[in-house]
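Residue-level listing of the chains:
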Amino acid sequence: MKRIFSIILTFALCSAFIFADEPGDEYDDGYVYTQNGEGDQFLKIELAGLFPLNFGSQIYPGAALSIGYYRFLTENLAVGGDAIVTYSLTIGEKSLVNVPVSFGVMFQPTINKFEFPLFASIGFATVSCQGMNYFPALSLKAEVGAFYRATEAWSFGLSSNVFMISQFFADTSKNDLGVFCTANLSARYHFWLYKYLIILIL
């Protein structure tokens, strides 16, 4: 009887090993992993060509530098802000410097490793020209881009934005509206702050 029981036990153990998962099989926990999620963040930096749109030939094309920060609320929606420093020359060889700072939302559809951010923001700006400064000016900005997620931490791409800067005076005849467009080379650094805080604590 003991011998029969031993044979049955041995057969059961062998059967368990035969029907066990292959070593390469992965456990499916049902969680859907996404490229971006709630709490994910990124810093972006952009180098750009600047093109005045409503000044005729009074202002030459110039250059711009932008830096921004955004945090995802969902897989596709993020909030944050950025600052742009622009430089151009007038026909009188006078420097025109605009520094718009804006806050807004980003909606970003993704297709595999390609990301297509759409930004809309509002804020304020400082305008400096011919030794005169104006602050605060109202600033409105819209931006669209296309990025490739090269690694988990970095994405690179092209973007373009249109921003408007309004100046208001007591003498309404002096009110002014500047409209500019940029063509940007962009890089973004993606991170999850809480992960790094945990690493620092440990």
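Residues numbered from 1 in each chain as written. Predicted model: local features only at pLDDT ≥ 70, side-chain atom pairs only at ≥ 80, totals over all residues. Heavy atoms only, no water.

K.L.:
Summarise the nonpolar core; cite the residues concerned and give the values.
P.N.:
Residues L96, V127, A137, F163, I165 and F180 are the most contacted members of the largest nonpolar core, which totals 15 residues. Where this core is concerned, the elements lending two or more residues are strand 1 (41-52), strand 7 (118-129), strand 8 (132-149) and strand 9 (154-167). In terms of residue count, the dominant contributor to this core is strand 7 (three residues). Counting six residues, the second largest nonpolar core, distinct from the first, contains F42, A78, M106 and F119. (Core = buried A, V, L, I, M, F, W, Y, C linked by side-chain atoms within 4.5 Å. Buried < 20%, exposed > 50% of the residue type's maximum accessible area, 1.4 Å probe, protein only. Helix = DSSP H or I, 4+ residues; strand = E, 2+ residues; numbered from the N terminus.)

K.L.:
Tell me what's going on with the confidence of the model for the protein, and back it up with residues and numbers.
P.N.:
When pLDDT is averaged along the protein, the result is 86, and 79% of the positions lie at 70 or above. Averaged pLDDT values for the elements of the protein fall to 51 in helix 1 (residues 2-18) and rise to 98 in strand 6 (residues 114-115). Residue range residues 16-20 is modelled with pLDDT below 50. Its contacts to residues more than four positions away, or to other chains, number zero contacts. (pLDDT = per-residue confidence, 0-100. Contact = heavy atoms within 4.5 Å.)

K.L.:
Break down the pattern of salt bridges for me, citing the residues and quoting the values.
P.N.:
Applying the stated criterion to the full structure yields seven salt bridges. When the shortest N-O distance is used, the salt bridge between K44 and E46 registers 3.5 Å. Exposure remark for E46: the relative accessible area of 1% places this residue in the buried category. The residue K44 makes a salt bridge to D82 at a minimum N-O spacing of 3.5 Å. With K44 in strand 1 and D82 in strand 3 (residues 77-89), this pair connects stretches of sequence that are 38 residues apart. No difference in accessibility class separates K44 from D82, as the two residues are buried. Salt bridges linked by common partners bring K44, E46, D82, K141 and E143 together as one network. (Salt bridge = Lys/Arg side-chain N within 4 Å of Asp/Glu carboxyl O.)

K.L.:
Could you give an account of the pairing of strand 4 (residues 95-107), naming the residues involved and the relevant values?
P.N.:
Bridge count between strand 3 and strand 4: 11 bridges; the pairing is antiparallel. Paired with G81 across the bridge in strand 4 is F103. Hairpin remark: strand 3 followed by strand 4, antiparallel, with five residues in the connecting loop; positive phi at E93, about 60 degrees. For strand 4 and strand 7, the ladder comprises 12 bridges, and the chain directions are antiparallel. Counted as the bridge partner of V101 is F124 from strand 7. (Pairing = 2+ DSSP bridges.)

K.L.:
Describe unusual backbone geometry, with residues and values.
P.N.:
Generally, phi is negative for residues other than glycine and the peptide bonds are trans, each holding for most cases. With an omega of -5 degrees, the peptide bond between F135 and P136 qualifies as cis. Along the chain, P136 turns up in strand 8. Even without a glycine there, the phi angle at E93 is positive, about 60 degrees. Along the chain, E93 falls in the loop between strand 3 and strand 4. Using a relative accessible area of 54% as the deciding quantity, one classes E93 as exposed.

K.L.:
Could you give an account of the environment of T90, with specific residues and numbers?
P.N.:
With respect to the helices and strands, the residue T90 is situated in the loop between strand 3 and strand 4. Here the alpha-carbon distance between T90 and Q130, two residues 40 residues apart in the chain, equals 9.5 Å. Not counting the four nearest positions on each side in its chain, T90 is found in contact with Q58, I59, Y60 and C129.

K.L.:
Tell me about the packing of aromatic side chains, and name the residues and values.
P.N.:
Between two aromatic rings, the relevant description is the distance of the centres plus the angle of the planes. On inspection of all chains with the given rule, the structure shows 11 aromatic pairs. Ring centres of Y134 and F169 lie 5.1 Å apart, and the angle between their planes is 55 degrees; on these two criteria the pair is classed as tilted. Of this pair, Y134 sits in strand 8 while F169 sits in the loop between strand 9 and strand 10 (176-191), placing them 35 residues apart in sequence. Look at F169 and you get partly exposed, because its relative accessible area is 35%. Considering the side-chain rings of W154 and Y189, the 5.2 Å spacing of their centres and the 55 degrees angle between planes classify their relative orientation as tilted. Separated by 35 residues along the polypeptide, W154 in strand 9 and Y189 in strand 10 bring together distant segments of the chain. Among the residues examined, W154 registers a relative accessible area of 39% and is labelled partly exposed. Members of the aromatic cluster, connected to one another through ring pairs, are F42, Y70, F72 and F119. Directly above the ring of F119 sits K44, whose terminal nitrogen or CZ lies 4.8 Å from the centroid. (Phe/Tyr/Trp six-rings, centres within 6.5 Å; stacked < 30°, edge-to-face > 60°. Lys NZ or Arg CZ within 6 Å of the ring centre and 35° of its normal.)

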